[in-house]
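# Observations on the three-dimensional arrangement
The chain contents come next:
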Amino acid sequence: MPFDFTLQATDGAARLGRFDTPHGPLETPVFAPVGTQATVKAMRPRDLRELGATLVLANTYHLYLRPGDELIRDLGGLHRFMAWDGPLLTDSGGFQVFSLSDTRRIDADGVTFKSHLDGSTHRFTPEKSIAIQENLGADVIMMFDECPPPNEYDYVKQSLGRTHAWAERCLAAASATCARPAPPSCWGWICPAMPSAGWLWARRRPRCTPCWSGCTPSCRPPSRAI
């Protein structure tokens, strides 16, 4: 089944849609239980289905460190590894890396950080993040982004430019045979202009579908671009 998104209804800024993936459809907006390390704690896959869950989120950073994305790939991919046959989304690892503020170093090429498990040194670049997520085999993979302090306008502006450059590299790194959409993360910012800039950037990229939640007043696409 190819990927497809259909906008079914709107009500003001609210949108109702259907997102078709190879592992089944998603009705959007969607609540996604978080299975950080390939499991939703205290829940079996059957329990998630009975509760009506359709999408599960897994964490690139944690699965890269343990048990390893290549091992999961060799065991048949993340769906098989966690016994979940529905749609899966993996984040880029960006939030976890940047939360390690005392043990990471950012530069134009990527981020060097130390594992919270054993202190070993690792390197994430946009290309590395995409490679890990492709090894995991999720239906929806995310572009590698920086998560800056929200109140520092000048740094947020600089970070947005870096994230856009990384996003271009993510699109270039995605396998030609990989049909998975690779959307950027569009978060609500205290700086109102920032989400609009990110959304407009994504709209100009044919392979990049922005997943916009409209969760806060500032977290909405500009009306002229709808």
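Just so it is clear, the model here is predicted, and its values are computed rather than measured. (Residues numbered from 1 in each chain as written. Predicted model: local features only at pLDDT ≥ 70, side-chain atom pairs only at ≥ 80, totals over all residues. Heavy atoms only, no water.)

Attention shifts here to the environment of His79. Here His79 is to be found in helix 4 (residues 78–82). Under the relative-accessibility criterion, His79 is labelled buried at 11%. Distance from His79 to Gly137, taken between C-alpha atoms, is 7.6 Å for residues 58 residues apart in sequence. Excluding its chain neighbours within four sequence positions, the residues that come into contact with His79 are His23, Trp84, Asp85, Gly86, Pro87, Leu88, Gly137, Ala138 and Asp139. A distance of 3.0 Å separates a polar atom in the side chain of His79 from a polar atom in the side chain of Asp139. (Helix = DSSP H or I, 4+ residues; strand = E, 2+ residues; numbered from the N terminus. Buried < 20%, exposed > 50% of the residue type's maximum accessible area, 1.4 Å probe, protein only. Contact = heavy atoms within 4.5 Å. Polar contact = N/O pair within 3.5 Å; in protein donor to acceptor, adjacent residues only side chain to side chain.)

As for its placement among the helices and strands, Gln96 is situated in helix 5 (residues 94–99). Side-chain polar atoms of Gln96 contact the side chain of Asn59, separated by 3.1 Å. What Gln96 contacts, discounting residues up to four positions off in sequence, is Asn59, Tyr61, His62 and Asp91.

Further remarks concern the pairing of strand 1 (residues 4–11). Two strands pair when backbone bridges link them, and strand 1 and strand 2 (residues 14–21) are joined in this way by seven bridges, in the antiparallel orientation. Bridging across to strand 2, Phe5 finds its partner in Phe19. Taking the residues between adjacent antiparallel strands as the criterion, strand 1 and strand 2 are bridged by two residues, where Gly12 takes a positive phi near 65°. (Pairing = 2+ DSSP bridges.)

Attention now moves to the sheet that holds strand 3 (residues 24–28). In space, the three strands of this open sheet follow the order 1-2-3, with antiparallel pairing throughout. One side of each edge strand has no neighbouring strand; the edge strands of this open sheet are strand 1 and strand 3. Sheet twist, expressed as the mean angle between neighbouring strand axes with direction ignored, is 15°. (Axes fitted to C-alpha atoms, helices over the stretch in contact; angles between N-to-C directions.)

A few words now on a nonpolar patch on the surface. On the surface, Leu71, Leu75 and Phe81 cluster together into a nonpolar patch covering about 250 Å² of accessible area. Position of Phe81 relative to the elements: it lies in helix 4. (Patch = residues over 30% accessible without salt bridge, like charges linked within 9 Å, V, L, I, M, F, W, Y side chains within 5 Å. Areas by Shrake-Rupley, 256 points an atom, 1.4 Å probe, with all protein chains shown as cover. Salt bridge = Lys/Arg side-chain N within 4 Å of Asp/Glu carboxyl O.)

Our focus in this paragraph is helix 6 (residues 126–136). Of all eleven residues making up helix 6, eight are buried, and the element is well covered by its neighbours. Every buried residue of helix 6 is listed here: Pro126, Ser129, Ile130, Ile132, Gln133, Glu134, Asn135 and Leu136. Looking at the residues trailing helix 6, positive phi occurs at Gly137, about 85°.

Tallying each qualifying case throughout the model produces eight aromatic pairs. With a centroid separation of 5.1 Å and an interplanar angle of 20°, the aromatic rings of Phe144 and Trp166 are classed as stacked. On the criterion of sequence distance, the pair formed by Phe144 in the loop between strand 9 (140–141) and helix 7 (153–173) and Trp166 in helix 7 is long-range, its members being 22 residues apart. Here the guanidinium or amino end of Arg49 rests over the ring plane of Trp84, the centre of that ring lying 4.4 Å away. (Phe/Tyr/Trp six-rings, centres within 6.5 Å; stacked < 30°, edge-to-face > 60°. Lys NZ or Arg CZ within 6 Å of the ring centre and 35° of its normal.)

Here we take up the environment of Gly77. On the secondary structure map, Gly77 appears in the loop between helix 3 (69–74) and helix 4. Judged by relative accessible area, which is 10%, Gly77 ranks as buried. Filtering out sequence-adjacent residues up to four positions away, Gly77 remains in contact with Ile72 and Leu136.

So, on to the confidence of the model for the protein chain. Confidence along the protein chain averages 82 in pLDDT terms, with 77% of residues attaining 70 or more. Throughout residues 209–226 the model reports pLDDT below 50, and contacts reaching past four residues in sequence, or to other chains, amount to 38 contacts. (pLDDT = per-residue confidence, 0-100.)

A few words on the pattern of salt bridges. As enumerated under the stated definition, the model contains ten salt bridges in all. Arg44 is paired through a salt bridge with Asp47; the nearest N and O atoms lie 3.1 Å apart. Note on Arg44: relative accessible area 46%, which makes it partly exposed. Residue class for Asp47 comes out buried when judged on its relative accessible area of 16%. Residue Arg73 is joined to Asp74 by a salt bridge in which the shortest nitrogen-to-oxygen separation is 3.1 Å. Of the residues examined, Arg73 reaches a relative accessible area of 39% and is grouped as partly exposed. Bridged by salt links that share partners, the residues Asp107, Asp109, Arg123, Glu127 and Arg169 form one connected network.

Ordered by their spatial adjacency, three strands build an open sheet running 4-5-9, and the pairing between neighbours is parallel. The strands lining the two open edges of the sheet, one partner per strand, are strand 4 (56–58) and strand 9. As paired strands, strand 5 (residues 88–90) and strand 9 are joined by two bridges and run parallel to one another. Looking across to strand 9, one finds that Thr90 is bridged to Ile141.

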